[in-house]
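# Structural description and commentary
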Amino acid sequence: LLPETSENFRLLCSGDAPSGASYAQSTFARRVVKGVGLLGGALPDAPGGSRSAFADRPLFADEGFFVPHAEPGLLTMASSGVDGNGSQFYVTIEPAPHLDGRCVAFGRLVEGLDVVRHLHDSLYTQRGVPVEKVVVEACGVVDG
């Protein structure tokens with residue numbers, strides 16, 4: 001349904017991105033957005049914290065807004081504007097219809113929503129920014 005967006009996420013997870021970018025050592029909870037979820041995927045070496053997996057372009061286009069933000073556990077690109085997708089993404093904890101037409105939803109959590117909700121509800125923040133970092137130590141791709 002959204003091959004470029006999905007491939008960008010897969011490459012960043014696997015560490016095989018042509019751009020050299022990876023979610024390993026990235027900030028998972030860059031922001032806690034109350035009532036929406038967590039903003040993750042901030043890369044430590046990327047300008048503004050976001051960089052696509054593709055070597056020829058730091059950001060890529062919106063592929064389409066086919067999946068509505070109608071349920072918890074969605075993976076959705078955190079766009080910096082029209083066609084401004086890089087590495088940052090939201091994991092929703094409840095429906096977020098205000099993201100429809102603005103952010104590309106491209107996947108669903110298979111498990112772990114309880115962990116995302118726990119972080120959302122328990123991280124101490126100042127204006128939505130966690131006081132303590134939540135870092136992705138390692139990541140990869142699961143077959144199946």
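Scroll up a little and you will see the structure.
Residues numbered from 1 in each chain as written. Predicted model: local features only at pLDDT ≥ 70, side-chain atom pairs only at ≥ 80, totals over all residues. Heavy atoms only, no water.

Moving on to helix α1 (residues 3-14). With 12 residues, α1 should reach 16 Å at 1.5 Å per residue; the first-to-last C-alpha distance of 16 Å fits that figure. Those residues of α1 not exposed but buried are Thr5, Asn8, Phe9, Leu11, Leu12 and Cys13. Check the buried side of α1 and you find it contacts β3 (74-77), β4 (89-92) and β5 (105-108). Immediately beyond the C-terminal end of α1, within one or two residues, lies Gly15, with a positive phi of roughly 80°. (Helix = DSSP H or I, 4+ residues; strand = E, 2+ residues; numbered from the N terminus. Expected span 1.5 Å × (residues − 1). Buried < 20%, exposed > 50% of the residue type's maximum accessible area, 1.4 Å probe, protein only. Contact = heavy atoms within 4.5 Å.)

Let's shift gears to the sheet that holds strand β2 (residues 37-40). The antiparallel open sheet is built from 5 strands, whose spatial order is β1-β2-β4-β3-β5. A single partner strand is all that each edge strand has here, and the edge strands are β1 (31-33) and β5. Here the average twist between neighbouring strands, direction ignored, is 25°. In the sheet, β2 pairs with β4 via 4 bridges, with the strands oriented antiparallel. Each bridged residue has a counterpart across the sheet, and for Leu38 the counterpart in β4 is Val91. Across the sheet, helix α2 (residues 113-122) lies against β1, β2 and β4, angled at about 90° from β2, the strand it touches most. (Pairing = 2+ DSSP bridges. Axes fitted to C-alpha atoms, helices over the stretch in contact; angles between N-to-C directions.)

Among the nonpolar cores identified, the biggest contains 30 residues, and Phe9, Tyr23, Phe28, Leu38, Phe89 and Val116 are the most heavily contacted of them. Broken down by secondary-structure element, the contributors of at least two residues to this core are α1, β3, β4 and α2. Ranked by the residues each element gives to this core, the list is headed by α1, at 4 residues. Beyond its immediate chain neighbours, meaning those up to four positions away, Val116 contacts Phe28, Leu38, Val91, Ile93 and Leu109. Ala78, Tyr90, Ala96 and Cys103 belong to the second largest nonpolar core, which has 7 residues in total. (Core = buried A, V, L, I, M, F, W, Y, C linked by side-chain atoms within 4.5 Å.)

Moving on: the pattern of salt bridges. Summed over all chains, the structure comprises 4 salt bridges. When the shortest N-O distance is used, the salt bridge between Glu7 and Arg10 registers 2.9 Å. Of the two residues, Glu7 and Arg10 are both situated in helix α1; the distance of 3 residues between them amounts to about one turn of the helix. Taking the relative accessible area as the measure of exposure, Arg10 reaches 34% and is therefore partly exposed. (Salt bridge = Lys/Arg side-chain N within 4 Å of Asp/Glu carboxyl O.)

With that out of the way, let us pick up the packing of aromatic side chains. A complete count under the given rule lists 6 aromatic pairs for this structure. Measuring from ring centre to ring centre gives 6.4 Å for Phe28 and Phe89, while their planes differ by 50°; the resulting arrangement is tilted. Within this pair, whereas Phe28 is found in the loop between α1 and β1, its partner Phe89 is found in strand β4, the two being separated by 61 residues in sequence. A residue is classified by how much of its surface remains accessible, and Phe28, at 18% relative accessible area, is buried. With a centroid separation of 5.6 Å and an interplanar angle of 90°, the aromatic rings of Phe54 and Phe60 are classed as edge-to-face. You can call Phe54 buried: its relative accessible area is 12%. Among the aromatic residues, those joined into a cluster by ring pairs are Phe9, Tyr23, Phe28, Phe89 and Phe106. (Phe/Tyr/Trp six-rings, centres within 6.5 Å; stacked < 30°, edge-to-face > 60°.)

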